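Topology and contacts: notes
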Amino acid sequence: MTEFTLTDLDRIIGARAASDDAMSYTRKLMDKGVPKIAQKVGEEAVEAAIAAVKGDRSELTGEAADLLYHLLVLLRASDIALEDVMAELSRRTAQTGLEEKASRPAG
């Protein structure tokens, strides 16, 4: 099992996003802004879903990695800390999924 975590990935994304490295894909995404990054998140989510439906474990693994990466870039571009998302997940898992869903505002 790997020791690599989403926190590790978030730290790498933060360093690359703050760099002026013209060869950094992360930096280029940040320069394009939230709309482009959000588009990439959507594309990767669809690709992951398709891989899951096909039952292609290898492809789903790769697409899931792409999705997590792009989601973390989107969070950074939106000035939302991974720590805040993890705190929200912790709060939600303190109750059953159905209880948590019922507690959300309608909409």
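Just above sits the structure.
These notes cover the structure that comes with them. For clarity, every value in this text was computed on a predicted model and none was experimentally measured.

Check the secondary structure of the protein and you find six helices and zero strands. Overall, the protein shows an N-to-C arrangement of helices and strands of α-α-α-α-α-α. Dimensions of the protein, computed from the C-alpha atoms along their principal axes, are close to 45 × 35 × 35 Å. Out of the 107 residues belonging to the protein, those deemed buried represent 24%.

On to the pattern of salt bridges. Applying the stated criterion across every chain, the model contains eight salt bridges. Lysine 40 is paired through a salt bridge with glutamate 43; the nearest N and O atoms lie 3.5 Å apart. Of the two residues, lysine 40 and glutamate 43 are both situated in helix α3 (residues 34–54); the distance of three residues between them amounts to about one turn of the helix. Taking relative accessible area as the criterion, glutamate 43 reaches 30% and is therefore assigned partly exposed. Glutamate 59 is the partner of lysine 54 in a salt bridge, and the nearest nitrogen-oxygen pair spans 2.8 Å. For lysine 54, a relative accessible area of 54% puts it in the exposed group. Three or more residues are tied together by salt bridges with common partners; here these are Lys40, Glu43 and Glu44.

With that settled, the discussion passes to the packing of aromatic side chains. Following the criterion strictly, the structure yields one aromatic pair and no others. The interplanar angle of 25 degrees and the centroid separation of 6.1 Å between the aromatic rings of tyrosine 25 and tyrosine 69 together place this pair among those described as stacked. Of this pair, tyrosine 25 sits in helix α2 (residues 25–32) while tyrosine 69 is found in helix α4 (residues 57–77), placing the two residues 44 residues apart along the sequence. Of the residues examined, tyrosine 69 reaches a relative accessible area of 15% and is grouped as buried.

Rules behind the numbers
Residues numbered from 1 in each chain as written. Predicted model: local features only at pLDDT ≥ 70, side-chain atom pairs only at ≥ 80, totals over all residues. Heavy atoms only, no water. Helix = DSSP H or I, 4+ residues; strand = E, 2+ residues; numbered from the N terminus. Buried < 20%, exposed > 50% of the residue type's maximum accessible area, 1.4 Å probe, protein only. Salt bridge = Lys/Arg side-chain N within 4 Å of Asp/Glu carboxyl O. Phe/Tyr/Trp six-rings, centres within 6.5 Å; stacked < 30°, edge-to-face > 60°.

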